[in-house]
Every structure is written in C-alpha cells, then in structure tokens.
Amino acid sequence: MTTRARTTRVTWSEANARRLDRQFPSDGASPGAGGGDAVAGAVAAMLGAHAQVLSAAELSVGLRATGVTRTDVRTSLWTDRTLVKTFGPRGTVHLLPAADLPMWTGALAAVPTGTSPFSGDARMTPDQVEAVLAAVSDALTGAELTIDELSEEVIARTGPWAGDPVMPAFQGMWPRWRQVLHLAGHRGVLRYAPNRGRKATYTHPGVVPLPAPEATALLVRRYLHAYGPATPAHFAQWLAAPRGWAGRLFEELAGADAIERVEFEDCGPAWVAAGDTRFPSAPPRGVRLLPYFDAFTIASRPRERLYPGAAYERALAGGQAGNFPVLLVDGTVAGVWHQRRSGRRIAVTVEPLTTRSLDSAGLRALEDRVERLGVVLEGVPALTVGRVDVGGHA
C-alpha cells in the first residue's frame, strides 16, 4: 500500500509575508540575492525594476537596500555596470542585474511572440524580423547610437521597407523596424547606453544567452522564489506570455521535480520551487511606500487580495497595477500617495483609504518611511496626509 504525500497548504497571509520578507528582509536590510552589490541584489530579489520611469525604478531599488540612494543606482547602471537597462518582462523597460542577463535573454527570447498587434500593411515577415535583428546587432557592436542613428543603420543594412512610416507613434509615425525594438533587447543584441544630452542611446550588451530550456527553468524557479506560490496563469500574466506555453513549461518542470505543487488559498493548485515550502507563521506587518510600477504590486497574485475593498477601485487602473504609487499597511494596499519635487524639497501627500488605515503608531512609521524616501531621492521630504488629486500614470 502506497502513502500519498501530504500537500502543503498555504494561506494568503503566509504567501504575502514571505514575498515581503524576501524583498524587504529585516525591514530594510539589503536582499542577499545577486551577490555583494546591494543595488544589484535588490534588483535581483524583485526580478527586475520597472524603469519606464527611471526615477520610480531608483526608488523601488533604494527602498529595498539600506543606505542606497538614486546616485548609487545610477552608478551601478552607468559606471560599475552591475545593472543593465533594457527591455524585460512584458516588453517594458527594466533594470536587470548584469549577472542575470544570460538568463533573461535566453528566457525572453524563448517566449512565443503571438499574433502581431499591427495592421497587415505594417507587419513584418519572419525573415524581415531576423534581418532587422541582425542589422541591430551589427550596428550596435562597439557603438552607442541614438534611435535616429540606429534607424539609419538598420535601413541601410536591410532596405527601404524597414523605414516605411507605418507604426503609430506619439507625434507621428515610426519606421516599420521599430516594432521589434523590444525583441532586440530580448534576443540580447541591444541595451540602453548613457544618454547623449537628452537623447537615449543604445549599444550591444555583449551577452551570450543561456540555452532556452536552462534559462526558462531558472527564471521560473527565481519567479516562484520571489512570488510563489503561483499558477502558470500568474506567471504568464507577469511575463506577458501565452498561457498554454506557460502551462506546458510548468508541466515539464513538475515532471523533472524542479517545482512542487501546493494548495494556495483562493487559487487552488499552485507551485513553489522544489523544497521551498517554508513560510512565516506571523502575518505581514509594517508600513511601506511603493512607487509607480513597483515589482511587488505588479507580480503579487491574487491581485484582489493585495488590493482589498476600496483599494481595488482607488489604486488600480481598470484592474491594472502600477499606475498609482501605493501605501502598504500590514502587507496590503491601504492608500495611494504622490510626490512633487521643487529643488531639494519633496512634498509627499499620502491618502489613506479608510480612517482605520493608519493609527498613531502607523503614522509614526509612515513618517519614518517618508524620511527614508528623502534619503533615496536625495532631498528634504515634507509629509501631508490628505487627498491625492493626481490621476494615475498614463
């Protein structure tokens, strides 16, 4: 007679507490993942810092690593090169640890691209895509080019078709080849270089991607370490990958005993990395301020548990996380906030969503968090508790 192994059961409180502990260990001590560099370690712990708004990424990193300022993040990015700015999960700009770039490029290049969102006359054939990626790689090797300079090089190497203005842009139309700019980052042939004045520049990262099976397996385990328990659908949403592909990937890893099934409250069957089944017994505590597009608010699922009650309506944009900076109290969203800078002065307005969101102890903790925000942003903060009238980030 065989004995069926007992399935670990995980509550939302346990999962939430562990996720917070792994990104904010000891309430501000630097995460250990990513080596001795505190900045790269913090970015590794959250699996990339969303950097469409670079100042938000600097704050995400600084709030996770003791003593780190925005200058430290910029030094890691442009001088020490322990960080890389490139296209990461969901095709959006991220800061990633340079040491992890082989994993990221190997895994992201393996994600099926799906149907093109562009009209038929704007789309590129598979051969054209490969031609553009080869041209980008060739043009950026040993060079730092603005987007206009890169465009000239790509068109010269491929043909006039690459320059056809068929992509809707903010103030006109972009050339056809631009639709695969993010794919060049995923393939490991493009990353950001330091700005030239106000213009962004790009260069070749000089990275050798890991083989797809190794890279995707490693990324899943890293994701589950940071945000598990999670389902294949959660992983697919976080990565902007097809659900079927994610489901098959999880099946393969489960068959290889690389991941382990648990029962997760409100989600049913979910997964953690094999052997990673220890969870804190104490519920999450504390007050935190998280900026636009913070990785924790985007990746934590189920979203309705992280954004309970009024938070789901006030702090999300149609269910999309990241558009509002949020106040986190005891592990759940309890308010929104906004900052306005004038010279060194930083006016911080925090709007609790209920009268019970902050007691006197919570208010003192919030004041400490605002002071820490000032250290990261290298300014002098002033806190106001009141209505935030600024809308979500577009």
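Above this text sits the structure in question.
These figures come from a predicted structure and were not determined experimentally.

Visitor: Go over the overall build of the protein, please, and point to the residues and values.
Guide: Tallying secondary structure elements over the protein gives 15 helices and 16 strands in all. Whereas a compact globule of 394 residues would reach a radius of gyration of roughly 21 Å, the protein reaches 22 Å, a difference of no more than 12%. Taken across its 394 residues, the protein has 52% of its residues classed as buried. Look at the contacts in the protein between residues 6 or more apart in sequence, and 62% of them connect residues 24 or more apart. Accessible surface, the protein as shown: approximately 17,800 Å² in total, 51% of it carbon and sulfur. The distance from the centre of the 42 positive side-chain charges to the centre of the 38 negative ones in the protein is 3 Å.

Visitor: How would you explain the packing of helix α3 (residues 54-62) against helix α15 (residues 360-377) if you had to name every residue and give the values?
Guide: Helix-helix packing: each pair is described by the crossing angle between the helix axes and the interaxial distance. Relative to each other, α3 and α15 sit at 120 degrees, their axes nearing to 10 Å. Comparing the axis directions of α3 and α15 gives the class oblique. The two elements α3 and α15 meet at a crossing, and its hand is right-handed. Taking contact as the criterion, the partners of Glu 58, Leu 59 and Gly 62 in α3 are, on α15, Arg 372, Leu 373, Val 376 and Leu 377. Split into classes, the residues belonging to the contact of α3 with α15 amount to four nonpolar, one polar and two charged.

Visitor: Would you mind going over the nonpolar core in detail, with residue names and values included?
Guide: Counting 74 residues, the largest nonpolar core has Val 136, Leu 150, Trp 177, Leu 190, Phe 235, Trp 238 and Leu 239 as the members making the most contacts within it. Take this core: its biggest share by element is eight residues, from helix α9 (residues 212-227). Setting aside its immediate chain neighbours within four residues, Leu 150 contacts Val 136, Ala 139, Leu 140, Leu 145, Trp 177, Leu 181 and Leu 190. The next biggest cluster of nonpolar side chains, apart from the first, holds 28 residues, and it includes Trp 12, Tyr 292, Val 326 and Leu 328.

Visitor: Lay out the sheet that holds strand β3 (residues 83-87) in plain terms, naming residues and giving numbers.
Guide: Strand order in this open sheet of three strands is β2-β4-β3, and the pairing throughout is antiparallel. The strands lining the two open edges of the sheet, one partner per strand, are β2 (49-50) and β3. Relative to strand β4 (residues 93-97), β3 is paired through five bridges, and the arrangement is antiparallel. Along β4, the bridge assignment pairs Phe 87 with Val 93. Strands β2, β3 and β4 of the sheet are contacted by helix α2 (residues 38-45), whose axis makes an angle of about 120 degrees with β4.

Visitor: Break down the environment of Gln 179 for me, with residues and values.
Guide: Considering the arrangement of structural elements, one finds Gln 179 in the loop between β7 (172-175) and α8 (181-186). Separated by 103 residues in sequence, Gln 179 and Ala 282 have C-alpha atoms that sit 47 Å apart. Once you skip the residues sitting within four places of it in the chain, Gln 179 turns out to touch Ser 116, Phe 118, Ala 122, Arg 123, Met 124 and Met 167.

Visitor: Just give me the short version of the layout of surface pockets, but keep the residues and values in it.
Guide: Of the voids in this model, the largest pocket is the one considered here, and its volume is about 1,400 Å³. Secondary structure elements with two or more residues in the lining of the largest pocket: α6 (126-140), α7 (147-158), α8, β8 (191-196) and β9 (199-203). Partitioned by chemical class, the residues of the lining of the largest pocket number 23 nonpolar, 13 polar and eight charged. When its volume is computed, the second largest pocket comes out at roughly 370 Å³. Together, 19 residues line the second largest pocket, and Arg 90, Phe 293, Ile 298, Gln 320 and Ala 321 are the ones closest to its centre. Counting residues per element, the ones that place at least two in the lining of the second largest pocket are α10 (232-239) and α12 (295-299). Among the elements that take part in the lining of the second largest pocket, α10 stands out by supplying three residues, more than any other. Looking at side-chain class alone, the lining of the second largest pocket contains eight nonpolar, eight polar and three charged residues.

Visitor: Report on the pattern of salt bridges, specifying residues and quantitative values.
Guide: Under the definition given, this model contains 18 salt bridges. The salt bridge involving Glu 378 is made with Arg 70; its shortest N-O contact spans 2.9 Å. One end of the pair, Glu 378, is in the loop between α15 and β16 (380-385); the other, Arg 70, is in helix α4 (residues 70-79), with 308 residues separating them in the sequence. Between Asp 164 and Arg 176 there is a salt bridge whose closest N-O contact spans 2.9 Å. Pair noted here: Asp 164 is in the loop between α7 and β6 (165-169) and Arg 176 is in the loop between β7 and α8, with a separation of twelve residues, a long-range link. If you follow the salt bridges from partner to partner, you end up with Arg 314, Glu 351, Arg 387 and Asp 389 in one network.

Visitor: Break down the pairing of strand β13 (residues 326-329) for me, with residues and values.
Guide: Neither face of β13 is left uncovered, since the one carrying Val 326 and Leu 328 and the one carrying Leu 327 and Val 329 both have all their residues buried. Relative to β13, strand β12 (residues 287-290) runs antiparallel, the two sharing four bridges. Residue pairing for β13: Leu 289 is matched across the bridge by Leu 327. In this structure, β13 lies alongside strand β14 (residues 332-342), joined through four bridges in antiparallel fashion. Bridge assignment links Leu 327 to a residue of β14, and that residue is Gly 335. Between β13 and β14, which pair antiparallel and follow one another directly, the connecting turn spans two residues, one of which, Asp 330, has a positive phi of 50 degrees.

Visitor: Describe in detail the pairing of β4, supporting the description with residues and values.
Guide: Of all the five residues making up β4, five are buried; the element is thus mostly covered by neighbouring parts of the structure. On β4, burial covers both faces: Val 93, Leu 95 and Pro 97 on one face and His 94 and Leu 96 on the other are all buried. In terms of strand pairing, β2 meets β4 through two bridges, oriented antiparallel. Each bridged residue has a counterpart across the sheet, and for His 50 the counterpart in β4 is His 94.

About the criteria used
- Residues numbered from 1 in each chain as written.
- Predicted model: local features only at pLDDT ≥ 70, side-chain atom pairs only at ≥ 80, totals over all residues.
- Heavy atoms only, no water.
- Helix = DSSP H or I, 4+ residues; strand = E, 2+ residues; numbered from the N terminus.
- Rg over C-alpha atoms; globule rule 2.2 N^0.38 Å.
- Buried < 20%, exposed > 50% of the residue type's maximum accessible area, 1.4 Å probe, protein only.
- Contact = heavy atoms within 4.5 Å.
- Areas by Shrake-Rupley, 256 points an atom, 1.4 Å probe, with all protein chains shown as cover.
- Lys, Arg positive; Asp, Glu negative; His and termini not counted.
- Charge placed at Lys NZ, Arg CZ, Asp CG, Glu CD.
- Axes fitted to C-alpha atoms, helices over the stretch in contact; angles between N-to-C directions.
- Parallel < 35°, antiparallel > 145°, perpendicular 65-115°, else oblique.
- Left-handed = near helix turned anticlockwise from the far one by under 90°.
- Nonpolar A, V, L, I, M, F, W, Y, C, P; charged D, E, K, R; others polar.
- Core = buried A, V, L, I, M, F, W, Y, C linked by side-chain atoms within 4.5 Å.
- Pairing = 2+ DSSP bridges.
- 1 Å grid on protein atoms, 1.4 Å probe; cavity = no way out; pocket = protein on both sides within 12 Å on 5 of 7 lines; lining within 4 Å.
- Points joined across faces, edges and corners; volume = space filled by probe spheres on them.
- Salt bridge = Lys/Arg side-chain N within 4 Å of Asp/Glu carboxyl O.

Everything listed here is a matter of coordinates, which is why it stays silent on function.
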